[in-house]
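Listed here are the chains, written in short residue letters.
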Amino acid sequence: MRKDTVNNILAIGADLVLKKGYNNVGIQEVLDAASIPKGSFYYYFKSKEDFGSQLIRYYSKNSSSNLDSYLKNIDLDPKKRILVFFENMRAYFAHNDFKEGCLLANCSLELSDQSEKLRTCIDLGWELWDKSFEACIAEGQEQGVIKKDKTPESLASFVISGWEGAVLRMKSSKSSKPIDVYIEFLDEIIL
């Protein structure tokens, strides 16, 4: 029961943080949205920073599971898995009017210089993404569908960094154009 309540609070918190940013979301707002009395917050979290670290871990785990549902799909070759993931994310962002983006990226920008604990949680979230892409890229290189001139680790890092940059530009332009260009170059030149 406690775990379900915490997960509900974190899901609501993630949605609010994606929409407004971590520093613009108050604990009371999260608790009101979750129908939890304010006094109960400290039963579930030690502080807002503890809430933030649990929120980032929650998001990282869920986003990594979503990513793996694409990158481990044996019905497609590894290169196609990567491209389908990004194409589906482009459609998702377009459906949401190019708002929100990625909580890890948003929190990286907002929190990495504010809290070492939160920065570490964010970095661990990125490591989950790294490992998923590295495995898929290595498999693609073994199958000959992804270029072998770079290591899976360096390609994964570049793929993620390029994607997150495209998402940031998408948010400011309110357009899929940065993502369109990213996917085109990823397909034709990078992979």
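Residues numbered from 1 in each chain as written. Predicted model: local features only at pLDDT ≥ 70, side-chain atom pairs only at ≥ 80, totals over all residues. Heavy atoms only, no water.

Structural notes on the overall build of the chain
Across its full length, the chain carries nine helices and zero strands. Moving toward the C terminus, one meets the helices and strands of the chain in the order α-α-α-α-α-α-α-α-α. At 18 Å, the chain has a C-alpha radius of gyration in line with the 16 Å of a compact globule built from 191 residues. For the chain, the residues scored as buried account for 46% of the 191 residues in total. When contacts within the chain are restricted to residue pairs at least 6 apart in sequence, long-range pairs at least 24 apart make up 65% of them. (Helix = DSSP H or I, 4+ residues; strand = E, 2+ residues; numbered from the N terminus. Rg over C-alpha atoms; globule rule 2.2 N^0.38 Å. Buried < 20%, exposed > 50% of the residue type's maximum accessible area, 1.4 Å probe, protein only. Contact = heavy atoms within 4.5 Å.)

Thoughts on the packing of helix α5 (residues 78-95) against helix α8 (residues 152-173)
Packing of α5 against α8 leaves a shortest axis separation of 12 Å and a crossing angle of 15 degrees. What the angle tells us is that α5 and α8 run roughly parallel. The handedness of the crossing between α5 and α8 is right-handed. Contacts between α5 and α8 involve F86, M89, R90 and F93 from the first element and V159, W163, V167 and M170 from the second. (Axes fitted to C-alpha atoms, helices over the stretch in contact; angles between N-to-C directions. Parallel < 35°, antiparallel > 145°, perpendicular 65-115°, else oblique. Left-handed = near helix turned anticlockwise from the far one by under 90°.)

Quick word on the packing of aromatic side chains
All chains considered together, the criterion is met by 17 aromatic pairs. Considering the side-chain rings of Y43 and Y44, the 4.9 Å spacing of their centres and the 80 degrees angle between planes classify their relative orientation as edge-to-face. Residue classification places Y44 among the buried residues on the basis of a relative accessible area of 15%. Linked through ring pairs, Y70, F85, F86, Y92, F93, W126, W129, F133, W163 and Y182 together constitute an aromatic cluster. Sitting over the face of the ring of Y22, K48 holds its NZ or CZ atom 4.5 Å from the ring centroid. (Phe/Tyr/Trp six-rings, centres within 6.5 Å; stacked < 30°, edge-to-face > 60°. Lys NZ or Arg CZ within 6 Å of the ring centre and 35° of its normal.)

A short note on a nonpolar patch on the surface
On the surface, a cluster of nonpolar side chains totalling about 250 Å² of accessible area is made up of V181, F185 and I189. With respect to the helices, strands and loops of the structure, V181 is situated in helix α9 (residues 177-190). (Patch = residues over 30% accessible without salt bridge, like charges linked within 9 Å, V, L, I, M, F, W, Y side chains within 5 Å. Areas by Shrake-Rupley, 256 points an atom, 1.4 Å probe, with all protein chains shown as cover. Salt bridge = Lys/Arg side-chain N within 4 Å of Asp/Glu carboxyl O.)

Topic: the side chain of S60
Structurally, S60 can be placed in helix α4 (residues 48-71). Setting aside residues up to four positions removed in sequence, S60 forms contacts with L104, G125 and L128.

So, unusual backbone geometry
Positive phi, close to 55 degrees, is recorded for D97, a residue that is not glycine. In this structure, D97 sits in the loop between α5 and α6 (103-111). Overall, the relative accessible area of 49% leaves D97 in the partly exposed class. One non-glycine residue, E100, adopts positive backbone phi at about 75 degrees. Position of E100 relative to the elements: it lies in the loop between α5 and α6. In this structure E100 comes out as buried when scored by relative accessible area, which is 16%.

Considering the environment of N96
Mapped onto the fold, N96 is located in the loop between α5 and α6. Distance from N96 to D15, taken between C-alpha atoms, is 13 Å for residues 81 residues apart in sequence.

Points about the pattern of salt bridges
The tally for this structure, following the rule as stated, stands at eight salt bridges. The partner of K19 in a salt bridge is D15, and the shortest N-O contact between them spans 3.0 Å. Highlighted residues: K19 and D15, both in helix α1 (residues 2-20), separated by four residues, approximately one helical turn. By relative accessible area, which is 52% here, K19 ends up exposed. A relative accessible area of 34% means that D15 is categorised as partly exposed. Across the pair R90 and D180 runs a salt bridge, and its minimum N-O distance is 2.9 Å. One end of the pair, R90, is in helix α5; the other, D180, is in helix α9, and 90 residues separate them in sequence. Given the relative accessible area of 23%, R90 is considered partly exposed.

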